[in-house]
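This is what each chain is made of:
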Amino acid sequence: MIKSLPLLDKKVLVPRGKDQAKSFSDLVERYGGIPVEIPLIAFRPIERNTRLHDCLKALDTYDWIIFTSNVTVEIFFSFFEEEASSRFPKIAVIGKKTAEVLKEKGHQAEFVPSAYVAETFVEEFLPFVECGTRVLLPKGNLAREYIASSLTEAGAAVDEVVIYETYMPEESRVKLAQMLANDQLDILTFTSPSTVDHLMKVVQDHSLEEQLRNCLIGCIGPITEKKLQDYGLPIHASPEEYTVKEMMKSLIAYLEKIGE
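1. Side note on the overall build of the protein chain
Along its length, the protein chain carries 11 helices and 9 strands. A compact globule built from 260 residues would reach a C-alpha radius of gyration of about 18 Å, and the protein chain, at 20 Å, matches this within 12%. Projected onto its principal axes, the C-alpha positions of the protein chain cover 55 × 35 × 35 Å. The 260 residues of the protein chain split such that 47% are buried. Restricting the contact set of the protein chain to residue pairs at least 6 apart, pairs at least 24 apart contribute 67%. In the structure as shown, the protein chain presents an accessible area of about 13200 Å², 47% of it carried by carbon and sulfur atoms. Across the protein chain, the 29 positively charged side chains and the 40 negatively charged ones have centroids separated by 3 Å.

See below:
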């Protein structure tokens, strides 16, 4: 039982859709905050195409498949048919949540890095790569090239295949603009660089820069942190462990510090 409610009555932006927001919102409520669910990012599978079909058909020819998020797992398996391949490659993932979702699909991750960021993944995964190692990397249309380029440099044969598109729902734009304009958000949280870009597009389109000055900002991961810095925004919480739970703890620690 939490002795105090450090987020009491503070409205916290939860930048996820309803299917992914529950655990995040529950955590906010647990600390006394008011979760405001406005998905800054949403995903839709691409149309089936020849490239995707060929990769799925040849799945048993790869040594490894890499999943960088639980969204990638969910969408990949929506395309994948078990009978399409007699052998599934070894699986590497980024993140505990990704490994959990994968397990729900009946598969076990054979490699999970110690930190949930591409740079650490590459550093720790390279010992598994030999010249000619075949790797399949399903991804979104806005994904970074870092993993593919780094493994290619190490001698791997990497096939990237875009399986989903990233976008911001129109209803989110309207709701976000209204709430920022009326100073109805106390804490903004960002879980990826795209969530920062999408929010800032709304801010710039409606000239809401001044309203951001009243908000505390928390984020996950160095790439998201850098994106915030590129926009000149302050960062009040950015934990060493890249999870929502640790981000909330860092925000609470900041609030307690300034409240002393």
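2. Topic: the nonpolar core
Counting residues in each nonpolar core, the largest one holds 25 residues, and the members touching the most others are F67 and F76. Sorting the residues of this core by element identifies α2 (50–57), β4 (64–67), α3 (70–79), β5 (90–93), α4 (96–104) and β7 (157–167) as the ones contributing at least two each. No other element matches the 6 residues that α3 contributes to this core. Membership of the second largest hydrophobic core comes to 24 residues, among which are M168, L188, L199 and I217.

3. Observations regarding the sheet that holds β5
Through backbone hydrogen bonds, the strands of a sheet pair up, either in parallel or in antiparallel fashion. Ordered in space as β3-β7-β6-β4-β5, the 5 strands form an open sheet in which the pairing is mixed. The two strands at the open ends of the sheet, each matched to only one other strand, are β3 (42–45) and β5. Across the sheet, the axes of successive neighbouring strands diverge by a mean angle of 30°, strand direction being ignored. With 4 bridges connecting them, β3 and β7 associate as antiparallel partners. Paired with R44 across the strands is E165, a residue of β7. This element, α2, spans β6 (134–140) and β7 of the sheet and lies at about 130° to β7. Strand contacts of α4: β4 and β5, with the helix running at about 145° to β5, the strand carrying the most contacts.

4. Considerations on helix α6 (residues 146–153)
I147, A148, S150 and L151 are the residues of α6 that are buried. Looking at the packing, one finds that the buried side of α6 touches β4, α5 (118–125), β6 and β7. Positive phi shows up at G155, right after α6, with a value of about 105°.

5. Quick look at the packing of helix α1 (residues 18–30) against helix α11 (residues 244–258)
Between α1 and α11, whose axes approach to 10 Å, the crossing angle comes to 25°. Comparing the axis directions of α1 and α11 gives the class roughly parallel. Pair α1 / α11 crosses with right-handed handedness. Side by side, α1 and α11 meet where F24, L27 and V28 of the first sit next to V244, K245, M247 and M248 of the second. Its residues assigned to classes, the contact of α1 with α11 comprises 6 nonpolar, no polar and 1 charged.

6. A short note on the packing of aromatic side chains
All chains considered together, the criterion is met by 16 aromatic pairs. Between F77 and F88 the ring centres are 5.9 Å apart and the planes differ by 5°, which places this aromatic pair in the stacked class. Taken together, the residues F77 in helix α3 and F88 in the loop between α3 and β5 connect sequence positions 11 residues apart. With respect to class, F77 is no different from F88; both count as buried. What links up through ring pairs into an aromatic cluster is the set W64, F111, F121, F125 and F128. Just above the ring of Y31 sits the side chain of R30; from NZ or CZ to the centre is 5.8 Å. Over the aromatic face of Y62 sits the side chain of R134, whose NZ or CZ is 4.4 Å from the ring centroid.

Calculation notes
Residues numbered from 1 in each chain as written. Predicted model: local features only at pLDDT ≥ 70, side-chain atom pairs only at ≥ 80, totals over all residues. Heavy atoms only, no water. Helix = DSSP H or I, 4+ residues; strand = E, 2+ residues; numbered from the N terminus. Rg over C-alpha atoms; globule rule 2.2 N^0.38 Å. Buried < 20%, exposed > 50% of the residue type's maximum accessible area, 1.4 Å probe, protein only. Contact = heavy atoms within 4.5 Å. Areas by Shrake-Rupley, 256 points an atom, 1.4 Å probe, with all protein chains shown as cover. Lys, Arg positive; Asp, Glu negative; His and termini not counted. Charge placed at Lys NZ, Arg CZ, Asp CG, Glu CD. Core = buried A, V, L, I, M, F, W, Y, C linked by side-chain atoms within 4.5 Å. Pairing = 2+ DSSP bridges. Axes fitted to C-alpha atoms, helices over the stretch in contact; angles between N-to-C directions. Parallel < 35°, antiparallel > 145°, perpendicular 65-115°, else oblique. Left-handed = near helix turned anticlockwise from the far one by under 90°. Nonpolar A, V, L, I, M, F, W, Y, C, P; charged D, E, K, R; others polar. Phe/Tyr/Trp six-rings, centres within 6.5 Å; stacked < 30°, edge-to-face > 60°. Lys NZ or Arg CZ within 6 Å of the ring centre and 35° of its normal.

Take it as geometry only, folks, not as evidence of what the structure does.
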